[in-house]
Amino acid sequence: MSPTSRDRQRSRLDREVERTLLRTRNGIRLVAGSSGPRVGASPKDVVWQRGRAELWRYHGGEVRYAQPILIVFSLVSRSYILDLRPGHSTVEFFVGQGFDVFLLDWGVPDERDAENSLETYVDTYLPRAIDAVRRETGCDEITLAGYCLGGTIATLYASGHDDAPLRNLVLLACPIDFGEMGAMVAGLLDGRVEVEDVIDETGMIPAKTVYGGFFMQAPTVEVARHATLLDRLWSDEYVDGWQAMAQWSRDHVPFPGTAARQIIDLFIRQNMLMSGSVRLGGREIRLAEARCDVLNAFAVKDNVVPMSAVEPNSRLVGDPDRRHELRLGGGHVTFSTGRQAFQHTLPTLSDWIAAHSDELETPKEG
Amino acid sequence: MAATNDRPAWLDAVLKLERAIGSRVESVVTSDEFFDFTAHANRARKRFSETFEGLQEECLHLFNVPAGTDVRRLREQLSRVERELEALTLSLADQAHETGDKPKAKPRPRPRPQTTSADADE
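Fair warning: this is a prediction, and the values are worked out from it, not measured in the lab.

J.: I would appreciate a short explanation of the overall build of chain A in the present structure.
T.: When helices and strands are counted, chain A shows 13 helices and 14 strands. When burial is assessed residue by residue, chain A has 54% of its 366 residues classed as buried. For chain A, the proportion of contacts with a sequence separation of at least 24, taken over those separated by at least 6, is 79%. For chain A, the exposed area adds up to about 15,500 Å²; of that, 50% sits on carbon and sulfur atoms.

J.: Any chance you could explain the nonpolar core here in plain terms?
T.: Side chains that are nonpolar tend, in soluble globular proteins, to be buried together. Residues and elements named next belong to chain A. Counting 104 residues, the largest nonpolar core has Leu 70, Leu 144, Phe 255 and Leu 349 as its most contacted members. At nine residues, helix H3 (residues 118–137) tops the list of elements feeding residues into this core. Setting aside its immediate chain neighbours within four residues, Leu 70 contacts Leu 55, Phe 102, Leu 103, Leu 104, Leu 126, Ile 130, Val 133, Ile 142, Thr 143, Leu 144 and Ala 145. In this structure, Leu 229, Leu 233, Val 239 and Ala 246 belong to the second largest nonpolar core, which totals five residues.

J.: Looking at this model, I keep getting lost on the packing of aromatic side chains. Mind explaining?
T.: Geometrically, a pair of aromatic rings is defined through the distance of the ring centres and the angle of the planes. All names here are of chain A. Per the counting criterion, the structure on display carries twelve aromatic pairs over all chains. Between Trp 48 and Tyr 125, the ring centres sit 6.4 Å apart and the planes meet at 75°, which makes this aromatic pair edge-to-face. Of this pair, Trp 48 sits in strand S1 (residues 44–50) while Tyr 125 sits in helix H3; the two residues are 77 residues apart in sequence, bridging distant segments of the chain. For the pair Trp 48 and Tyr 125, a shared accessibility class is recorded, and that class is buried. Of note, Arg 19 hangs over the ring of Trp 234, and the distance from its end group to the ring centre comes to 3.7 Å. When the ring centre of Trp 56 is taken as origin, the NZ or CZ atom of Lys 44, which lies over that ring, is 4.8 Å away.

J.: What is the right way to look at helix H1 (residues 5–32) of chain A in this model?
T.: One turn of an α-helix holds 3.6 residues; hence residues three or four places apart share an orientation. With 28 residues, H1 of chain A extends 40 Å from end C-alpha to end C-alpha; this agrees with the ideal 40 Å at 1.5 Å per step. Following H1 of chain A by one or two positions, Gly 33 of chain A adopts a phi angle in the positive range, close to 70°.

J.: Would you explain the interface of chain B and chain A in this entry?
T.: Accessible area lost upon the coming together of the parts serves often as the stated size of an interface. At the junction of the two partners, chain B supplies 34 residues and chain A supplies 38 residues. Roughly 3,000 Å² of surface becomes buried between chain B and chain A when both sides are summed, with 53% attributable to carbon and sulfur atoms. When the buried surface of chain B facing chain A is broken down by residue, Phe 35, Arg 83 and Leu 90 of chain B rank first, second and third, together holding 18% of it. Scanning the region where chain B abuts chain A turns up seven salt bridges. For the salt bridge of Arg 83 of chain B with Glu 115 of chain A, the shortest nitrogen-to-oxygen distance reads 3.1 Å. Our count for the contact surface shared by chain B and chain A stands at 14 residue pairs in polar contact (both at pLDDT 80 or more). Within the residue set of the side of chain B that touches chain A, elements represented by two or more residues are helix H1 (9–29), helix H2 (32–62) and helix H3 (68–98) of chain B. Of the residues forming the side of chain B that touches chain A, the biggest block, twelve residues, is contributed by H3 of chain B. For the side of chain B that touches chain A, a count of residues per class yields 13 nonpolar, six polar and 15 charged.

J.: For this particular structure, what's the right way to read a nonpolar patch on the surface?
T.: A cluster of nonpolar side chains, namely Leu 13, Val 17 and Leu 21 of chain A, defines an oily patch on the protein surface of about 310 Å² accessible area. Mapped onto the fold, Leu 21 of chain A is located in helix H1.

J.: Mind showing me how you'd approach the pairing of strand S12 (residues 293–299) of chain A here?
T.: Two faces belong to every sheet, and in a regular strand the side chains alternate between them. Residues and elements named next belong to chain A. Judged by how many residues are buried, S12 sits mostly within the fold: seven of seven residues are covered. Residue alternation in S12 divides its side chains into two sets, Asp 293, Leu 295, Ala 297 and Ala 299 and Val 294, Asn 296 and Phe 298, and both sets are buried. Two strands pair when backbone bridges link them, and strand S7 (residues 166–172) and S12 are joined in this way by five bridges, in the parallel orientation. Within S12, the residue paired with Asn 168 across the bridge is Asp 293.

J.: It is not clear to me how unusual backbone geometry should be interpreted in this structure. Could you clarify?
T.: For Cys 148 of chain A, which is not glycine, the phi dihedral falls at a positive 55°. Here Cys 148 of chain A shows up in the loop between strand S6 (142–147) and helix H4 (149–160). Notably, Asn 64 of chain B is not glycine yet its phi reads approximately 60°, a positive angle. Structurally, Asn 64 of chain B is set in the loop between H2 and H3. What makes Asn 64 of chain B exposed here is its relative accessible area of 71%.

J.: Quick question: what am I supposed to make of the packing of H3 of chain A against helix H10 (residues 257–269) of chain A here?
T.: Any two packed helices are characterised by the angle at which their axes cross and by the distance between the axes. All names here are of chain A. H10 packs onto H3 with a crossing angle of 100° between their chain directions and a minimal axis gap of 7 Å. In terms of orientation, H3 and H10 fall into the roughly perpendicular class. In contact with Leu 118, Glu 119 and Tyr 121 of H3, H10 contributes Ala 259, Gln 262, Ile 263 and Phe 267. Partitioned by chemical class, the residues of the contact of H3 with H10 number five nonpolar, one polar and one charged.

J.: Quick question: what am I supposed to make of the pattern of salt bridges here?
T.: Between side chains of opposite charge, a pair can form as their charged atoms come close. One pass over the structure, following the stated rule, counts 37 salt bridges over all chains. Where Glu 16 of chain A meets Arg 15 of chain A, a salt bridge forms, and the shortest distance between an N and an O atom there is 3.7 Å. On the basis of relative accessible area, Glu 16 of chain A is assigned to the partly exposed category, the value being 30%. Residue classification places Arg 15 of chain A among the partly exposed residues on the basis of a relative accessible area of 32%. Beyond isolated ion pairs, a larger network of salt bridges with shared partners links Arg 52, Asp 110, Arg 112 and Asp 113 of chain A together with Glu 82 of chain B.

J.: Mind showing me how you'd approach the confidence of the model for chain B here?
T.: For any part of a model where pLDDT is low, the fine detail of the predicted coordinates should not be relied upon. Residue and element names in this part refer to chain B. Looking at chain B, the pLDDT average stands at 80 and 77% of residues meet or exceed 70. Per-element confidence in chain B is highest for H1, whose mean pLDDT is 93, and lowest for helix H4 (residues 117–121), whose mean pLDDT is 43. Throughout residues 102–108 the model reports pLDDT below 50, and contacts reaching past four residues in sequence, or to other chains, amount to zero contacts. In this model residues 115–122 is a low-confidence stretch, pLDDT under 50, and it forms one contact with partners more than four residues away in sequence or in other chains.

J.: Sorry, what's going on with the domain arrangement of chain B here?
T.: What the domain assignment lists for chain B is domain 1 (1–30), domain 2 (32–63) and domain 3 (66–100). Distance from the C-alpha centre of domain 1 of chain B to the C-alpha centre of domain 2 of chain B: 39 Å.

J.: I keep staring at the sheet that holds strand S2 (residues 53–58) of chain A and nothing clicks. Help me out?
T.: Backbone hydrogen bonds are what pair the strands of a sheet, in a parallel or an antiparallel way. All names here are of chain A. An order of S1-S2-S5-S4-S6-S7-S12-S13 is seen for the eight strands of this open sheet, with the pairing classed as mixed. The open sheet terminates on both sides in strands that have one partner only, identified here as S1 and strand S13 (323–328). Neighbour-to-neighbour, the strand axes of the sheet open up by a mean angle of 20°, direction not taken into account. Where S2 lies against strand S5 (residues 101–105), four bridges are found, and the strand directions are antiparallel. Residue pairing in the sheet places Trp 56 in a bridge with Leu 103 of S5.

The rules behind each value
Residues numbered from 1 in each chain as written. Chains lettered and ligands numbered in written order. Predicted model: local features only at pLDDT ≥ 70, side-chain atom pairs only at ≥ 80, totals over all residues. Heavy atoms only, no water. Helix = DSSP H or I, 4+ residues; strand = E, 2+ residues; numbered from the N terminus. Buried < 20%, exposed > 50% of the residue type's maximum accessible area, 1.4 Å probe, protein only. Contact = heavy atoms within 4.5 Å. Areas by Shrake-Rupley, 256 points an atom, 1.4 Å probe, with all protein chains shown as cover. Core = buried A, V, L, I, M, F, W, Y, C linked by side-chain atoms within 4.5 Å. Phe/Tyr/Trp six-rings, centres within 6.5 Å; stacked < 30°, edge-to-face > 60°. Lys NZ or Arg CZ within 6 Å of the ring centre and 35° of its normal. Expected span 1.5 Å × (residues − 1). Buried area = accessible area lost by both parts, 1.4 Å probe. Salt bridge = Lys/Arg side-chain N within 4 Å of Asp/Glu carboxyl O. Polar contact = N/O pair within 3.5 Å; in protein donor to acceptor, adjacent residues only side chain to side chain. Nonpolar A, V, L, I, M, F, W, Y, C, P; charged D, E, K, R; others polar. Patch = residues over 30% accessible without salt bridge, like charges linked within 9 Å, V, L, I, M, F, W, Y side chains within 5 Å. Pairing = 2+ DSSP bridges. Axes fitted to C-alpha atoms, helices over the stretch in contact; angles between N-to-C directions. Parallel < 35°, antiparallel > 145°, perpendicular 65-115°, else oblique. pLDDT = per-residue confidence, 0-100. Domains from an automatic or database assignment.

The structure is reproduced here in structure tokens:
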């Protein structure tokens, strides 16, 4: 029997009263700041460290695949987006799927890193971090996954090192056509904004300037986000997720000036990557020379690194016979948060990596 | 009154308004004029801050007190030293790696304490 109109009204009223009480409680918690999100909480060990950079090894799961995954994070934001909250964490997901997961976190660079160039990351830090992964696991090859600008570093490493011990190169929202990066690089592209204008006296681009670059892409979107929060304030789950994302989206790190000068000159103004090769560290790096399977994964609604900036990876990086492409729904953070991430994006990625890895006869403790 | 998708009408209105205003704001902040303005504003701020710091430095030095710029120079020097240390650490680690992480050589025996002339005679 269907409920009467009066019953429906009553149940709706009860629900609204309950939600209003919950909204009040959560609102007070938010304003008082007494319910901070637990970001980056997955169990891990630091297995290598150099300068501000650290290599983390996550544990807790049974390892079923021989090739560990090393995730190289971007240089402009904090890596905890990939380990946002317990139950909503990319690394936790991959650990749960039977992978031995490592993450190369660049930390919070400061003036000591001002002279870090692209070569520092591509030829110094990353090869050593990979050596550390191999030492830790005893494996010959790894799956290297680069997120955003971390993907660019991973690409340059894979293409520029003949001896790179890579089984797979996975590029996640990795820009290659910097001319398509839109508002974020528009001022730099035509020289209206010079890199020296944004580098401070310590030789770094301050974190607030990096944040400003992202904020300027959609300055009013915060209004919509807060209004949506107000409506969903009754849901603890939503509030937790919102807080974690709000914290991450404001939490940027300073960017080394030397690397910024190179990126602006080589990648943004000359758009060298689109030519398929770039001169770095005294040699010509040809992107097609990456000797492993390459997966170019990107989100069609990404407004930070638009699809048009990412798509050419599929025809420029790696051996043409070993190139793969994965188009996903959602936006830039589809690899890390949201229903889409855990229902579709991450399972699809995991399946691809598993299909391109060796399964261990006997699983081992992670 | 509830709107579609269980979203209240007020929220729909706010989201529509945000987009209506937001798209205009976005086109302003990506315009050439805005970039020119930002660049000029940045340069002006830098010039002002340099001038102000210079004045401040002179005043503080009159009383033999270090200024912020002195501290910054000191930090820059420290950073350089740390970078050099890091480079040395890396090259040492590389050397150790190339030699196959061989165990460390046994410490050399300490030189014998100098013998007295009487001992020497013995």
